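What follows is the residue order along each chain.
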Amino acid sequence: MSYQNFQTNNPNNIPEIDIRKIPPDKPLAVTVAFLVIIGLMIIFSASAQKCIDMGYTPLRFFIQQLLGVGAGVVGAYFLSNYNYKNYKNKSFIFAILVIILLILVKLIGTTVNGAQRWLYIGPVNLQPSELAKPAIVMLMAGAFCKGTKLFTKSKILLAYIPILLMLGLIFKQPNLSMVLLLLITSVVMYLSAGGSFKLIFGVGIPAAAFLLLHGLHDYQSSRIMTWLNPGADPLGAGYNIVQSLVAIASGSFWGVGFGNSKQKLAWLPEAHTDFIFSVYSEEMGFIGCLLLICLFWSLLQRGVIIASKCPDMYGKLLALGLTFSICFQGFLNMWVASSFVPATGVPMPFISYGGTSVMVSLWMVGILFNISKENEKKIRMQHNVRYL
């Protein structure tokens, strides 16, 4: 029995179940809780000495991250009770808001290490490119929930143009790693909706590779060459990767213990952001790394299960896109720290320092909670009708 026919097939008019009384997906909640706690612990360990060197309290970055977690939890609670189907008609407005924020970043944003990615709004330091992740997932879910035909007027106006604007503005920051993450997420969603593999692998990937290779900055091309042979310049271009590998190798099987990393003290740059996995590996060892990998794998599994149980294609694509975006970014950060792929500058969700990152990641989990709760709500209502 479908939910739409509930009222007509329910002569006793059973009251609708309050979704706020339905608990969120417990395995997903436990997994995310572990990731957030691990993230807070390792951020404190990786950043304490840096804060002291800067003249701040050792807890400065930890407290800022905790504020991001607080905002994320509040938002996740609200989103877990807000029907995900409403995003279908509001995703375009949300995308326009993100585009406006990205334009403001270009006009008045703060530049750090040559990248203009941050926007100060009073005491809040916002990174709008993080908001582009749920925005593009919502647009793609809406575009392909009723079919995989690529070019229609509505898709071009309401999905492709906003997506291209966001990608272009993020690319100009420059933030190529985020562009690649968003493109790969979009391709995965298109294929999951039943899109053509031949089109993607025969046309899409070669075209994207050509455009990216001819649009790379010199430092981005240098990263690829450094990745191929980091030992050629261990004190220059290959310094970060070499020190990251030293940290990972130093952790051995059991790790050197929480707070005892040596690489974070003076040798490993960006120890609390891009290379936080290296510090974590050194302190927690192979066992700790295995735990972290299993947590992200568990998050991926739960997201796929939630998507598979969702009765409508929009919810399926939304759940799948949000899950893939979070997990792929997490694994990508691990691959960079381990030198499996060139350095990208992508933070690890829930683990790396960044208030916007952890806040948006928790909001995305909140939407997953809502999809799972709506699925459970329909099951309970159908069960009540069946046994009247």
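Details of the structure are given in the entry above.
Please read all numbers here as calculations on a predicted model, not as lab measurements.

Student: Lay out the packing of helix α5 (residues 153–171) against helix α6 (residues 176–192) with the relevant residues and their values.
Tutor: Put simply, α5 and α6 touch, their axes get as near as 8 Å, and they point 155° apart. Classified by the angle between their axes, α5 and α6 sit roughly antiparallel to one another. Where α5 crosses over α6, the two elements pack in a sense that is left-handed. Listed contacts from α6 to L167, I170 and F171 of α5 are L176, M178, V179, L182 and L183. For the contact of α5 with α6, the residue count by class is 8 nonpolar, no polar and no charged.

Student: So what's going on with the side chain of N375? Which residues, and what values?
Tutor: Turning to its location among the elements, N375 is positioned in helix α13 (residues 355–386). Overall, the relative accessible area of 8% leaves N375 in the buried class. Within polar-contact distance, the side chain of N375 engages the backbone oxygen of I306 at 3.4 Å. Those residues within four positions of N375 in sequence are excluded, and the remaining contacts are I306, K309, C310 and P311.

Student: Just give me the short version of the environment of K155, but keep the residues and values in it.
Tutor: In this fold, K155 is placed in helix α5. Setting aside anything within four residues of it in sequence, one finds K155 in contact with A143, F144, G147, T148, K149, L150 and Y160. Side-chain polar atoms of K155 contact the backbone oxygen of A143, separated by 3.2 Å.

Student: How would you sum up the sheet that holds strand β1 (residues 110–112)? Please name residues and give values.
Tutor: Backbone-to-backbone hydrogen bonds join strands into a sheet, with any given pair of strands oriented parallel or antiparallel. In spatial order, the strands read β1-β2-β3; together these 3 strands make up an open sheet with antiparallel pairing. Strands with a single pairing partner mark the edges of an open sheet, and in this sheet they are β1 and β3 (124–126). Taken pair by pair, the neighbouring strands of this sheet meet at an average axis angle of 40°, ignoring direction. Pairing of β1 with strand β2 (residues 115–121), which is carried by 3 bridges, proceeds in the antiparallel orientation. In the strand pairing of β2, T111 is matched with Q116.

Student: Give me the lowdown on the nonpolar core, citing residues and values where you can.
Tutor: One finds Y87, M166, L292, L318 and F350 to be the most contacted residues of the largest nonpolar core, which totals 94 residues. When residues in this core are grouped by element, the largest group, 13 residues, is from helix α12 (residues 313–337). Those residues in contact with Y87, other than ones at most four positions away along the chain, are L79, Y82, M138, Y314, L318 and I367.

Student: So what's going on with the pairing of β2? Which residues, and what values?
Tutor: The antiparallel hairpin formed by β1 and β2 contains 2 residues in its connecting segment, where N113 sits at a positive phi of about 55°. Relative to β3, β2 is paired through 3 bridges, and the arrangement is antiparallel. The partner of L119 across the bridge, within β3, is L126. The turn linking β2 back onto β3 is made up of 2 residues, and G122 within it adopts a positive phi angle of 65°.

Student: A description of the packing of helix α3 (residues 87–108) against α5 should follow, citing residues and the corresponding values.
Tutor: One can describe the packing of α3 onto α5 by two numbers: an axis separation of 10 Å at closest approach and a directional angle of 20°. Taken together, the axes of α3 and α5 are roughly parallel relative to one another. Note that α3 runs across α5; the crossing there is left-handed. Between α3 and α5, the residues in contact are F92, A95, V98, I99, L102 and I103 and L157, L158, P162, L165, M166, L169 and I170, respectively. Of the residues that constitute the contact of α3 with α5, the class distribution is 13 nonpolar, no polar and no charged.

Student: I'd like a description of helix α2 (residues 60–80), backed by residues and values.
Tutor: Relative to the 30 Å expected for 21 residues at 1.5 Å per residue, α2 spans 30 Å between its end C-alpha atoms, a close match to the ideal helical length. Listed as buried for α2 are F61, Q65, G68, V69, G72, G75, A76, L79 and S80. Viewed end-on, α2 has its buried residues packed into an arc of 135°, placing them on one side of the element. The outward face of α2, more than 90 degrees from its buried face, is lined by the exposed residues L67, V74, Y77 and F78.

Student: Lay out helix α1 (residues 26–53) in plain terms, naming residues and giving numbers.
Tutor: In this model, α1 (28 residues) spans 41 Å end to end at C-alpha, consistent with the 40 Å of a helix rising 1.5 Å per residue. The largest bend along α1 reaches roughly 45° and is located at S47. For α1, the N-terminal capping position is held by D25, with its side-chain oxygen 3.0 Å away from the main-chain nitrogen of L28. Immediately beyond the C-terminal end of α1, within one or two residues, lies G55, with a positive phi of roughly 90°.

Student: Break down the environment of P311 for me, with residues and values.
Tutor: Among the structural elements, P311 can be located in the loop between α11 (276–309) and α12. On a C-alpha basis, the gap between P311 and N375 in space is 7.6 Å, while along the polypeptide they are 64 residues apart.

Student: Kindly report on the side chain of E374, identifying the contributing residues and their values.
Tutor: Note on placement: E374 falls in helix α13. Side-chain polar atoms of E374 contact the side chain of N83, separated by 3.4 Å. Sequence-distant contacts of E374, defined by excluding residues within four places in its chain, comprise I19, N83 and Y84.

Student: Tell me about unusual backbone geometry, residues and numbers included.
Tutor: The omega angle of the peptide bond from Q173 to P174 is -5°, so this bond is cis rather than trans. Looking at the secondary structure, you find P174 in the loop between α5 and α6. Notably, E270 is not glycine yet its phi reads approximately 50°, a positive angle. Within the secondary structure, E270 sits in the loop between α10 (263–266) and α11.

Reading the values: the criteria
- Residues numbered from 1 in each chain as written.
- Predicted model: local features only at pLDDT ≥ 70, side-chain atom pairs only at ≥ 80, totals over all residues.
- Heavy atoms only, no water.
- Axes fitted to C-alpha atoms, helices over the stretch in contact; angles between N-to-C directions.
- Helix = DSSP H or I, 4+ residues; strand = E, 2+ residues; numbered from the N terminus.
- Parallel < 35°, antiparallel > 145°, perpendicular 65-115°, else oblique.
- Left-handed = near helix turned anticlockwise from the far one by under 90°.
- Contact = heavy atoms within 4.5 Å.
- Nonpolar A, V, L, I, M, F, W, Y, C, P; charged D, E, K, R; others polar.
- Buried < 20%, exposed > 50% of the residue type's maximum accessible area, 1.4 Å probe, protein only.
- Polar contact = N/O pair within 3.5 Å; in protein donor to acceptor, adjacent residues only side chain to side chain.
- Pairing = 2+ DSSP bridges.
- Core = buried A, V, L, I, M, F, W, Y, C linked by side-chain atoms within 4.5 Å.
- Expected span 1.5 Å × (residues − 1).
- Arc of directions from axis to C-beta.
- Bend = angle between axes of the 7 residues up to and from the residue.

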